[in-house]
Each structure stands twice: as C-alpha cells, then as structure tokens.
Amino acid sequence: PDFPIYYNDVYEVDLPPGHRFPMGKYRKVREAIQAKVGSLTEEEQSQVHCELRVSPLATEEQLITTHDSNYVQRYLSGDMTNVENRNIGFPWR
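Quick caveat: nothing in here was measured; it's all calculated off a predicted structure.

Focus: the overall build of the protein
Counting its secondary structure elements, the protein contains 5 helices and 2 strands. Its helices and strands in sequence order give the protein the pattern β-α-α-β-α-α-α, from N to C terminus. Against the compact-globule benchmark of 12 Å for 93 residues, the protein has a radius of gyration of 18 Å, which places it well outside the compact range. Along the first, second and third principal axes, the C-alpha set of the protein runs to 55 × 30 × 15 Å. Residues counted as buried form 13% of the 93 residues belonging to the protein. Long-range contacts, defined as pairs at least 24 residues apart, comprise 55% of the intrachain contacts of the protein with a sequence gap of at least 6. Element-wise, carbon and sulfur atoms account for 54% of the exposed surface of the protein, whose accessible area totals about 7,300 Å². If you average the places of the 10 positive and of the 14 negative side-chain charges in the protein, the two averages end up 9 Å apart.

Listed below in structure tokens is the structure:
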C-alpha cells in the first residue's frame, strides 16, 4: 500500500442522540469504503493503493502540537470548567 487510511471507530463515547459528533458515522464511513473496495474486480482492487488501519491514541506530546499544553493538561486531569466541558461536548468521566 502507498498510504494508510486511519479509522477510529473502535473508540466510542456514549453520546446523546443528535450530538454534533455522532460516533456511528465513523464506522459507517469505514464500512462504506471497505464495501466499495470489496465490490471491485481483482484488477480494480490492485489499483487501490491504501490500507485501512486502526488509529493509535494520540500522545500528550502529539496533542500539544495542536492544542495549548495547559489546556491539554487540564483536560487530561479533569480540571476543565463546566463551560469548557460543555463547549468540548464530550462527557468527563
């Protein structure tokens, strides 16, 4: 394969219906891609130069390349305010 396509539908968060991040969509996208590739002829499949892989969990070091390190540390330690947690949209457990 020339490049990997990472998917993350193995990581699920129980979210209420209508949430802005419907977790089921990630699985549906992956399944649609796999079904499309599976329906191709052998010759056509040989032209598909990618591989689906489960995405690894991001490390803290990777997260702080995109997010403020203080913000990441507060999130990981559960020190976000109620307003911040509401804005993020994911439940803190």
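Structural notes on the confidence of the model for the protein
Mean pLDDT over the protein works out to 89, with 97% of the residues at or above the 70 mark. Looking at the elements of the protein, mean pLDDT is at its lowest for helix α5 (residues 82–88), recorded as 86, and at its highest for helix α3 (residues 60–63), recorded as 96.

Notes on the layout of surface pockets
One water molecule sets the probe size; rolling that probe over the atoms shows where empty space is left. Approximately 820 Å³ is the volume attributed to the largest pocket. For the largest pocket, the lining is made up of 21 residues, of which Val13, Leu57, Leu63, Tyr75 and Phe90 are closest to its centre. In terms of residue count, helix α4 (residues 69–77) provides more of the lining of the largest pocket than any other element does, 4 residues in total. The class makeup of the residues in the lining of the largest pocket is 17 nonpolar, 3 polar and 1 charged.

Focus: the environment of Pro22
Turning to its location among the elements, Pro22 is positioned in the loop between β1 (3–7) and α1 (24–38). Using a relative accessible area of 39% as the deciding quantity, one classes Pro22 as partly exposed. The spacing of Pro22 and Lys36 is 14 residues in sequence and 22 Å in space, taken between C-alpha atoms.

Procedures and definitions
- Residues numbered from 1 in each chain as written.
- Predicted model: local features only at pLDDT ≥ 70, side-chain atom pairs only at ≥ 80, totals over all residues.
- Heavy atoms only, no water.
- Helix = DSSP H or I, 4+ residues; strand = E, 2+ residues; numbered from the N terminus.
- Rg over C-alpha atoms; globule rule 2.2 N^0.38 Å.
- Buried < 20%, exposed > 50% of the residue type's maximum accessible area, 1.4 Å probe, protein only.
- Contact = heavy atoms within 4.5 Å.
- Areas by Shrake-Rupley, 256 points an atom, 1.4 Å probe, with all protein chains shown as cover.
- Lys, Arg positive; Asp, Glu negative; His and termini not counted.
- Charge placed at Lys NZ, Arg CZ, Asp CG, Glu CD.
- pLDDT = per-residue confidence, 0-100.
- 1 Å grid on protein atoms, 1.4 Å probe; cavity = no way out; pocket = protein on both sides within 12 Å on 5 of 7 lines; lining within 4 Å.
- Points joined across faces, edges and corners; volume = space filled by probe spheres on them.
- Nonpolar A, V, L, I, M, F, W, Y, C, P; charged D, E, K, R; others polar.

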